[in-house]
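What follows is the residue order along each chain.
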Amino acid sequence: MDSNNRTVTVIGAGLAELSAAYDLHRAGWKVTVLEAPDRVGGRVFSLRCFSNGLVAEGGGEFIEETHTRMLAFAEEFGLKLGRVGSWQGEERDWASFNGKSGPMAKADIWGTNLHEEVEKIWLALAELGELIPDPHQPQTARGADYLDTKSTAEWIHSLDVHPLAKQDFIQHIRAEYTCEPERHSLLDLARNASMYYSTIDRNMNYRVIGGNDLIPRALAAALPNVRLNAPVTSIRVLPDEVEVTYKQRDSYFSTSSAFAILAIPLTTARLIEFNPPLPTAHRRMVNEISYGSVTKVLIEYRKRFWDEQLWNGRLVTDAPIGYTWHATSHVEHGHGILTAYTGGGPGAALASLSDEERIRVAVGELEKLFPGSSDLIECTATVAWPNEPYTRGSYAALAPGEVTAHWKTLFASAGRLFFAGEHATAIQGFMEGAVESGQRAAKSIARGIDVRKD
């Protein structure tokens, strides 16, 4: 590496890209950040269209107590965090299946203690995780090839638990991995189980008070050259440099640098021309990695009516909306916002609707369960991530066969082009993972080597 050419082009301005740019800039590198939309943050998208200063997350939402990188950024930038609870399950969770609804623990509703039946699945998931000694290298585990031929759906159907518990967990897979269980690799589920579900202890979660996007905004503000409305159209990886062409308004521009980092969703990377072509393994990875579908509908109510129902706002349902949770549980306020979060096939179905129709469906489903709740609505908003032109999906959702086929390539550079993003990390799907991948790419460039992980 020419030590005098300390230049990097970073493609995208999400958490992965900004984390990499921030570290390299502080290390004395000249960094150019190119972002296609007119804002930074990528899939971290805080919505501020609500009344009285309320903020809710249209994208990345949960910061776990183990997410040390995100917590460090919050501390560095003087941002306050609000406690949320665990997304895996809490007391006062409700369910709505087959026309019945109420607390999951009420056996007189379900004919069983549904909460306890679901806990059996979490215990089985912990046992599944024992098959993967190193979740950072799942492809090396004994039986990895076999597990990667199986789907999560097959595993769920094999469990000896109440049918409603299976139905609940199918919705969980749709929510956490944003795909149908039939399209999710059992090896990837086992890998995640090894990382997160080795016990049934629940991690505390947080949100940034004022919006999670305050972190990428702070990172971008510390950088001297962030160009918005600048979609990249082509990348040339040459022996001594990387040439990146991007468009602003009606003109095309090019920039050359010693290295480049590509951390945008692979769904969008498929729109970029690579000339010369990427190596075969990287080309397959970009073109073949699966992504899920997810939508959010956020409903502001003038009263937190769910408190009167002794309900915490968390609902799993077989209705078209999938899941709900209290999006403003971390702040004191008279009003409250419920998020209807829908992934997988139902998420794709909602994404096919107009924003107005999607909101109407979510409001209608909650009105069925809580008559009169729609009279309390102050404001609504929605995001359908498959429809976002520079996202075109939710996040990586590895299908059967894709873990063993692409895992190593996700972490490997293509010459002077480095990959990052929530897909290029063991902590997939989380803001923490995006940051980890960006910091790792920055460290690799600064050291002049391609390291896999710390």
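Below is a short write-up of the structure. (Residues numbered from 1 in each chain as written. Predicted model: local features only at pLDDT ≥ 70, side-chain atom pairs only at ≥ 80, totals over all residues. Heavy atoms only, no water.)

A word on the sheet that holds strand S21 (residues 417–419). Taking strand neighbours across the sheet as the criterion, the five strands line up as S10-S2-S1-S14-S21 in an open arrangement whose pairing is parallel. Each of the sheet's edge strands pairs with one partner strand only, and the pair in question is strand S10 (226–227) and S21. Note: strand S1 (residues 7–11) against strand S14 (residues 259–262), four bridges, orientation parallel. Counterpart to Thr 9 in the pairing with S14 is Ala 260. (Pairing = 2+ DSSP bridges. Helix = DSSP H or I, 4+ residues; strand = E, 2+ residues; numbered from the N terminus.)

Turning next to the nonpolar core. Phe 50, Leu 114, Leu 125, Trp 155, Ile 235 and Leu 262 are the most contacted members of the largest nonpolar core, which has 88 residues in total. When near neighbours in sequence (up to four residues on either side) are disregarded, Leu 114 contacts Ala 95, Phe 97, Met 104, Leu 164 and Ala 165. Formed by 38 residues, the second largest nonpolar core is a distinct cluster that contains Val 10, Ala 21, Leu 24 and Ala 441. (Core = buried A, V, L, I, M, F, W, Y, C linked by side-chain atoms within 4.5 Å. Buried < 20%, exposed > 50% of the residue type's maximum accessible area, 1.4 Å probe, protein only. Contact = heavy atoms within 4.5 Å.)

Moving on: the packing of helix H1 (residues 15–26) against helix H16 (residues 431–447). Two elements in contact, H1 and H16, have axes separated by 7 Å at closest approach and are oriented at 35°. Pair H1 / H16 crosses with right-handed handedness. Residues Leu 15, Ala 16, Ser 19, Ala 20, Asp 23 and Leu 24 of H1 form the contact with H16, whose participating residues are Met 431, Ala 434, Val 435, Ser 437, Gly 438, Gln 439, Ala 442, Ile 445 and Ala 446. Looking at the contact of H1 with H16 residue by residue, the class counts come to 10 nonpolar, four polar and one charged. (Axes fitted to C-alpha atoms, helices over the stretch in contact; angles between N-to-C directions. Left-handed = near helix turned anticlockwise from the far one by under 90°. Nonpolar A, V, L, I, M, F, W, Y, C, P; charged D, E, K, R; others polar.)

So, about the pattern of salt bridges. With the rule as written, the count across this model stands at 20 salt bridges. Arg 26 serves as the salt-bridge partner of Asp 23, at 3.4 Å between the closest nitrogen and oxygen. Of this pair, Asp 23 and Arg 26 both sit in helix H1, separated by three residues, roughly a single helical turn. A relative accessible area of 23% places Asp 23 in the partly exposed class. By sharing partners, the salt bridges in this structure join Asp 23, Arg 26 and Glu 76 into a single network. (Salt bridge = Lys/Arg side-chain N within 4 Å of Asp/Glu carboxyl O.)

Helical geometry: 3.6 residues make up each α-helical turn, so side chains three or four residues apart lie on a common side. When helix H11 (residues 280–288) is considered as a whole, its buried residues turn out to be His 282, Met 285 and Val 286. Seen end-on, H11 carries its buried residues on one side only, within an arc spanning 95°. The secondary structure elements touched by the buried residues of H11 are helix H10 (266–269), helix H15 (402–410) and S21. (Arc of directions from axis to C-beta.)

The next point concerns the packing of helix H4 (residues 114–129) against helix H7 (residues 163–177). Each packed pair of helices is defined by two parameters, the angle between the axes and the distance between the axes. Contact pair H4 / H7: the axes reach a minimum separation of 9 Å and the direction vectors enclose 60°. As summarised for this structure, H4 and H7 are arranged oblique, according to the angle between their axes. Crossing geometry of H4 relative to H7 is assigned as right-handed. Along its contact with H4, which presents Leu 114, Glu 117, Val 118, Ile 121, Trp 122 and Leu 125, the element H7 presents Leu 164, Ala 165, Lys 166, Asp 168, Phe 169 and His 172. Classifying every residue of the contact of H4 with H7 by side-chain character gives eight nonpolar, one polar and three charged. (Parallel < 35°, antiparallel > 145°, perpendicular 65-115°, else oblique.)

What follows is about the sheet that holds strand S15 (residues 273–274). One open sheet accounts for four strands, arranged S13-S12-S11-S15; its pairing is mixed. On the outer flanks of this sheet lie strand S13 (251–257) and S15, each paired with one strand and no other. Judged from the seven bridges that link them, strand S12 (residues 242–248) and S13 form a sheet pairing that is antiparallel. Within S13, the residue paired with Glu 243 across the bridge is Ser 256.

A separate point is the packing of aromatic side chains. On inspection of all chains with the given rule, the structure shows 23 aromatic pairs. Between the aromatic rings of Tyr 22 and Phe 73, the centroid separation amounts to 6.3 Å while the plane-to-plane angle is 70°, which identifies the pairing as edge-to-face. A residue pair is termed long-range when its members are at least 10 positions apart, and Tyr 22 in helix H1 and Phe 73 in helix H2 (residues 68–76) qualify at 51 residues. Ring geometry for Trp 122 against Phe 169: centres 5.6 Å apart, planes inclined by 85°, an arrangement best described as edge-to-face. One end of the pair, Trp 122, is in helix H4; the other, Phe 169, is in helix H7, with 47 residues separating them in the sequence. (Phe/Tyr/Trp six-rings, centres within 6.5 Å; stacked < 30°, edge-to-face > 60°.)

As a further point, take unusual backbone geometry. Following Asn 275, the chain continues into Pro 276 via a peptide bond in cis, with omega recorded as 5°. Examined against the element boundaries, Pro 276 turns out to sit in the loop between S15 and H11. Positive phi outside glycine occurs at Arg 249, with the angle close to 55°. The exposed category is assigned to Arg 249, whose relative accessible area is 78%.

Among the structural elements, Gln 137 can be located in the loop between H4 and helix H5 (144–147). A relative accessible area of 24% places Gln 137 in the partly exposed class. Linking Gln 137 and Gly 433, residues 296 residues apart in sequence, is a C-alpha distance of 15 Å.

Of all eight residues making up strand S19 (residues 336–343), eight are buried, and the element is well covered by its neighbours. Every second residue of S19 is oriented toward a common face, with Gly 336, Leu 338, Ala 340 and Thr 342 on one face and Ile 337, Thr 339, Tyr 341 and Gly 343 on the other, all of them buried. Across eight bridges, the pairing between strand S16 (residues 294–301) and S19 is antiparallel. Directly across from Tyr 301, in S19, lies its bridge partner Gly 336.

Moving on, we come to the environment of Gly 393. With respect to the helices and strands, Gly 393 occurs in the loop between strand S20 (377–384) and H15. Overall, the relative accessible area of 1% leaves Gly 393 in the buried class. What Gly 393 contacts, discounting residues up to four positions off in sequence, is Gly 292, Trp 385 and Pro 386.

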